[in-house]
Amino acid sequence: MTLDLPALLPSEWRTVLEPHLDPARTAELAEFVADEYATQTVFPPVEDLFSAYRLCAPQDCRVLILGQDPYHKAGQAHGLSFSVREGVSVPPSLRNVFKELAEDLSVPAPRGGNLSGWAAQGVLLLNAVLTVRQATPGSHANRGWEAFTDATIRALDARSERVVFLLWGGYARKKRELITNPAHVVLEAGHPSPMNPRGFLGSRPFSAANKALADAGLPTIDWERTAA
């Protein structure tokens, strides 16, 4: 199995990412990922690898929500951070996201955990690491994905139109240094995991993101519309 990662991207993303990517490092990452798909059980399925990019074009991106790596249980990951497929039980972290959504905007918690409706509105649901071995969280960290997704953040930072970056948890918050354009807004909070009892609940990220968009004259996100 061989993979040409840039060739798998939608053309708009390939154009904006390539100036920020090192070809040798990207090729090394592609070789590693191809070998893992060929020899291990890896999530998400390869056809969903770049779902976040496919559902949210760079020119349409208004919000970025950064996760760490995909869910590592069968049937969950489908290429969107924090999101799960239709019919899959809502994981604990996403349950807290929905709890905060309900408290923040007084909307009922969605029944399902598929967030593709957010993606369709310009929310890039990106993980810093885009693949993982089954039952082995963090197994594909430090193999090159971080440089790939850092390039994504840099490409969005280069835009003149405002992007709101939602950085939840210590890992995501380290990416703040990549965002230097004063046109953009960074909203930091703790990770929504139940293992982190403070720092996320009460942060009101959804209303704050919409205020930042409205302040820039941009359409806001209908956060209640999670499904596509």
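Details of the structure are given in the entry above.
Here's what I pulled together on the structure shown here. Bear in mind the structure is a predicted one, so any value in this text is a computation, not a measurement. (Residues numbered from 1 in each chain as written. Predicted model: local features only at pLDDT ≥ 70, side-chain atom pairs only at ≥ 80, totals over all residues. Heavy atoms only, no water.)

**Notes on the pattern of salt bridges**
Move 1: Overall, the coordinates contain eight salt bridges when judged by the stated rule.
Move 2: With its nearest N and O atoms 2.9 Å apart, the salt bridge here joins D150 to K175. Linking D150 in helix 7 (residues 145-157) with K175 in the loop between helix 8 (170-173) and strand 6 (185-189), this pair joins segments that are 25 residues apart in sequence. Like D150, the residue K175 is buried in the burial classification.
Move 3: When the shortest N-O distance is used, the salt bridge between E188 and R173 registers 2.8 Å. Separated by 15 residues along the polypeptide, E188 in strand 6 and R173 in helix 8 bring together distant segments of the chain.
Move 4: A residue is classified by how much of its surface remains accessible, and E188, at 34% relative accessible area, is partly exposed.
Move 5: What emerges from the salt-bridge pattern is a single network uniting R173, R176 and E188. (Salt bridge = Lys/Arg side-chain N within 4 Å of Asp/Glu carboxyl O. Helix = DSSP H or I, 4+ residues; strand = E, 2+ residues; numbered from the N terminus. Buried < 20%, exposed > 50% of the residue type's maximum accessible area, 1.4 Å probe, protein only.)

**Considerations on the environment of L218**
Move 1: Within the secondary structure layout, L218 lies in the segment after helix 9 (205-215).
Move 2: In the structure, L218 is positioned 56 residues away from R162 in sequence and 8.2 Å away in space, judged by C-alpha atoms.
Move 3: Excluding its chain neighbours within four sequence positions, the residues that come into contact with L218 are E161, R162 and L213. (Contact = heavy atoms within 4.5 Å.)

**Comments concerning the side chain of H78**
Move 1: For H78, the position within the fold is in the loop between strand 2 (63-67) and helix 5 (92-105).
Move 2: For H78, a relative accessible area of 9% puts it in the buried group.
Move 3: A distance of 2.7 Å separates the side chain of H78 from the side chain of S83, its partner in a polar contact.
Move 4: Dropping the residues within four chain positions of it, H78 is found in contact with P44, D48, S51, S83, V84, R85 and N114. (Polar contact = N/O pair within 3.5 Å; in protein donor to acceptor, adjacent residues only side chain to side chain.)

**Some words on the layout of surface pockets**
Move 1: Roughly 520 Å³ of internal volume is contained in the largest pocket.
Move 2: As for the largest pocket, its lining consists of 26 residues, and the residues nearest its centre are D69, P70, Y71, H72 and S93.
Move 3: Grouping the amino acids of the lining of the largest pocket by side-chain chemistry returns 12 nonpolar, 12 polar and two charged.
Move 4: The calculated volume of the second largest pocket comes to roughly 160 Å³.
Move 5: As for the second largest pocket, its lining consists of R25, E28, L29, F32, N142, R143, G144, E146 and A147.
Move 6: At the level of secondary structure, the elements contributing two or more residues to the lining of the second largest pocket comprise helix 3 (23-39) and helix 7.
Move 7: Of the residues forming the lining of the second largest pocket, the biggest block, four residues, is contributed by helix 3.
Move 8: Grouping the constituent residues of the lining of the second largest pocket by class yields three nonpolar, two polar and four charged. (1 Å grid on protein atoms, 1.4 Å probe; cavity = no way out; pocket = protein on both sides within 12 Å on 5 of 7 lines; lining within 4 Å. Points joined across faces, edges and corners; volume = space filled by probe spheres on them. Nonpolar A, V, L, I, M, F, W, Y, C, P; charged D, E, K, R; others polar.)

Read these as geometric descriptors, not functional statements.
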